[in-house]
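# Commentary on secondary and tertiary structure
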Amino acid sequence: MLKTFQQNYSNFDMDSHDSVMDFETEEHIGYTPPVSNNAGLLPQKCKNRSEAWNHFTPMLPNTEMSKSAKCKHCGSLIKYSGVTSTMLAHLRRCSDNPDNAVNVTMHEPSSSSMENREAIVNSFPSVPKFDQEVSRMDLTKMFVAMELPFQKDVEKAKMKTILSQNCRRVCITTDTWTSTQDSNYTCLTGHYIDNNWKLQKNILNFTQVIDYTGEIMAKTIKRCLNGWELNRVLSVTVDNASSNDVGIQHLKRWLHSQNDIVLNGEYLYTRCSAHILNLIVKDGMKEVDDSVVRIRAAVRYVRRTPSRFQRFKKCIDHETIGYKGYVGRDCETRWNSTYLMLKGALKYNKTFTELEFRDRKYFNEMSKDKGVPRPEDWEHVELILPFLLIFHEARKRILGSSYVTSNMYMLEVLVLEEAF
């Protein structure tokens, strides 16, 4: 109802003087109002245009209450002086108005004073201001999280202009993975130095592919670069899969045909140093694979449902642990997440032992596979964590996205060699 008041407010502002003049004209020609039950009130035959008059009764002219209206809900007299803004303001804080949203929400008693009414109105939460940029970012996150298809032609046109004006040579990095729906995806990122000598990074393509072969990889990169009108490639960085060797050969032939290859493509192919570190660590962790498998299964058990996690928390002795965080699940294909999981789980090794005695379901379910974590499992984890930390820190530095990392690789290798 209040929204209707606001929509009609402008109409009454223009015509309210006409409404008053209509009444004064009728009185001037000898109009005699019929007898009313409420002395001093104007009969409701008078035609008023504002919605506010559905909640007010105008008072008779030429009286002390002239230019006033009586609220039908609480009986208050409100002066309108030709416009209804004060009447609308009263309706918004009138405790007896059944259409008042504040009254319905707050359940203010009808006997409250005017000061209490105004305090409630002022304390009522206002409608948040709409922010276009925040909404756009939230919408983008929704598309990414739910893997929905979307088109952004306007933004792509802007980005194409930026690339054409700022990007002389582009370095490409690409990676592929499989989603939880068993669909294959590839992402192509462009790195370049702009006209102000600042490092820039932009995702150029995120698309679904049918397979991970080198030929498909090359065709996907070619199609993407053509779409951006960006064929001036300096280098392509991919992981060490053998299929990528085939894909790089396809790209070399294509760039040769475009006359856009540097030094005959001798330095076009760059192997991902972070992926090399991953292969080294994964190979070394095979020595403690059974221990990792048991601890991972224990963590997944307690984090699978809220009720299980609550039972786990009841077993925690905070005085002996001295750790406020909780252990989280890992991704088997990401050793760095496994490192973080093992690091957190080690702090709760006594808690997992206590859970074994309190939660029989935990013991029975774990026994179906490799069993609950053993004392030697925690000893193995405690021994390998210092070494994993060295690789973890090196990986973070090499994977930095806001600075150049290719010149850091050899230094990090020397640090690792010295550590071992």
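Treat the numbers as computed from the prediction; the structure is a model and nothing was measured. Per chain, residue numbering runs from 1 following the sequence as it is written. Local features in this predicted model are restricted to residues whose pLDDT is 70 or higher, and side-chain atom pairs enter the listing and the counts only when it is 80 or higher, whereas totals over whole chains, interfaces and linings include all residues. The basis for every side-chain value is the complete set of non-hydrogen atoms in the structure, without hydrogens or water.

A word on the layout of surface pockets. Cavities and pockets are found on a 1 Å grid laid over the protein atoms alone: a cavity is a set of points where a 1.4 Å probe fits but cannot escape, a pocket is an open set with protein on both sides within 12 Å along at least five of seven lines, and a lining residue has an atom within 4 Å of such a point. Grid points are joined across faces, edges and corners, and a volume is the space filled by probe spheres set on the points. In this structure, the largest pocket encloses a volume near 1700 Å³. Along its surface, the largest pocket is lined by 44 residues, and Thr173, Thr237, Cys272, Ala274 and Leu399 are the ones closest to its centre. Secondary structure elements with two or more residues in the lining of the largest pocket: strand E4 (170-178), strand E5 (184-193), strand E6 (199-209), strand E7 (233-238), strand E8 (269-271), helix H9 (273-284), helix H13 (335-346) and helix H16 (375-398). Looking at the lining of the largest pocket, the element that brings in the most residues is H9, giving 7 residues. Here a strand is any run of E in DSSP of at least two residues, a helix any run of H or I of at least four, and the numbering for each starts at the N terminus.

Attention shifts here to the pairing of E6. Both E5 and E6 contribute to a ladder of 10 bridges, which runs antiparallel. Along E6, the bridge assignment pairs Thr186 with Thr207. Counting the residues that bridge the hairpin from E5 to E6 gives 5 residues, and of these Trp197 lies at a positive phi of roughly 60°. The criterion for strand pairing is that DSSP finds at least two bridges linking the strands in question.

A separate point is the sheet that holds E6. Reading across from one edge, E6-E5-E4-E7-E8 is the order of the 5 strands in this open sheet, with mixed pairing throughout. A strand with exactly one partner marks an edge of an open sheet, and here the two such strands are E6 and E8. For this sheet, the mean inter-axis angle between neighbouring strands, taken without regard to orientation, is 25°. Where E7 and E8 come together, 3 bridges link them in parallel fashion. What sits directly across from Val238, in E8, is Arg271. Note on definitions: angles span 0 to 180 degrees between N-to-C directions of axes, and those axes are lines fitted to C-alpha atoms, for helices only across the stretch in contact.

Salt bridges are identified by distance alone: a Lys or Arg side-chain nitrogen within 4 Å of an Asp or Glu carboxyl oxygen. Under the defined criterion, the tally for this structure stands at 12 salt bridges. One continuous salt-bridge network, built from bridges that share partners, spans Arg304, Arg308 and Glu365.

Take the residue count of a helix, subtract one, and multiply by 1.5 Å to get its expected span. In a regular helix each residue adds 1.5 Å, so 15 residues correspond to 21 Å; helix H10 (residues 289-303) covers 21 Å between its end C-alpha atoms and thus fits that length. For the exposure calls, accessible area comes from a 1.4 Å probe over protein chains only, and a residue counts as buried if that area is under 20% of its type's maximum, exposed if over 50%, partly exposed in between. Looking at H10, one finds that the buried residues are Ser291, Val292, Val293, Arg294, Ile295, Arg296, Ala298, Val299, Tyr301 and Val302. Where the residues of H10 are buried, they touch helix H11 (306-314), H13, helix H14 (349-358), helix H15 (360-367) and H16. Working rule for contacts: check all heavy atoms of both residues, and any pair within 4.5 Å makes them a contact.

Taking strand neighbours across the sheet as the criterion, the 3 strands line up as E1-E2-E3 in an open arrangement whose pairing is antiparallel. Single-partner strands in this sheet number two, and they are strand E1 (56-58) and strand E3 (77-79). The average undirected angle you get between the axes of adjacent strands in this sheet is 35°. Sheet topology note: the E1/strand E2 (residues 68-71) ladder contains 3 bridges and is antiparallel. Counterpart to Phe56 in the pairing with E2 is Cys71. Its contacts with the sheet place helix H2 (residues 85-93) against E1, E2 and E3, and it is angled at close to 140° to E3.

The terminal C-alpha atoms of helix H7 (residues 214-228) lie 21 Å apart, and with 15 residues this matches the ideal 21 Å at 1.5 Å per residue to within 8%. Looking one or two residues past H7, Glu229 carries a phi angle of roughly 55°, positive in sign.

With that settled, consider a nonpolar patch on the surface. Exposure above 30% relative accessible area and no salt bridge define the residues that can form patches, which grow by joining like charges within 9 Å and nonpolar side chains of Val, Leu, Ile, Met, Phe, Trp and Tyr within 5 Å. Accessible surface is estimated by sampling points in the Shrake-Rupley manner with a 1.4 Å probe; for residues, cover comes only from the protein chains shown. A grouping of Ile193, Trp197, Leu199 and Val404 is seen on the molecular surface, where their side chains present a nonpolar patch of about 440 Å² in accessible area. Its place among the elements puts Leu199 in strand E6.

This paragraph deals with the packing of aromatic side chains. In this analysis, rings of Phe, Tyr and Trp, with Trp reduced to its six-membered ring, are considered paired at centre separations within 6.5 Å, and the interplanar angle assigns stacked below 30 degrees, edge-to-face beyond 60, and tilted for intermediate values. Counted by the stated rule, this structure contains 7 aromatic pairs. Pairing Phe309 with Phe312 gives two aromatic rings, centres 6.3 Å apart and planes at 15°, and the pair type is stacked. One end of the pair, Phe309, and the other, Phe312, are both in helix H11, 3 residues apart, so they sit about a helical turn from each other. This pair shows no difference in class: Phe309 is buried, exactly as Phe312 is. Ring geometry for Phe312 and Phe352: centres 5.0 Å apart, planes at 45°, overall tilted.

This part is about the nonpolar core. By nonpolar core we mean a set of buried residues, namely Ala, Val, Leu, Ile, Met, Phe, Trp, Tyr and Cys, connected to one another through side-chain atoms within 4.5 Å. Counting residues in hydrophobic clusters, the biggest one holds 37 residues, and the most contacted among them are Ile295, Phe312, Leu342, Phe352, Tyr362 and Leu388. Looking at this core, the elements that each hand over two or more residues are H9, H10, H11, H13, H14, H15 and H16. Those residues in contact with Leu388 that sit more than four places away from it in its chain are Val281, Met285, Trp335 and Tyr339.

Let us now look at the side chain of Arg308. Along the chain, Arg308 turns up in helix H11. Setting aside residues up to four positions removed in sequence, Arg308 forms contacts with Tyr301, Val302, Lys361 and Glu365.

Interhelical geometry of H10 versus H13 gives an angle of 75° and a closest axis separation of 11 Å. Accordingly, the angle class assigned to the pair H10 and H13 is roughly perpendicular. Note on element contacts: H13 touches H10 through Thr338, Met341, Leu342 and Ala345, opposite Val292, Ile295, Arg296 and Val299. For the contact of H10 with H13, a count of residues per class yields 6 nonpolar, 1 polar and 1 charged. Working definition: roughly parallel below 35 degrees, roughly antiparallel above 145 degrees, roughly perpendicular at 65 to 115 degrees, and oblique for all remaining angles. Each residue is assigned to one of three groups, with Ala, Val, Leu, Ile, Met, Phe, Trp, Tyr, Cys and Pro labelled nonpolar, Asp, Glu, Lys and Arg labelled charged, and all others, Gly among them, labelled polar.

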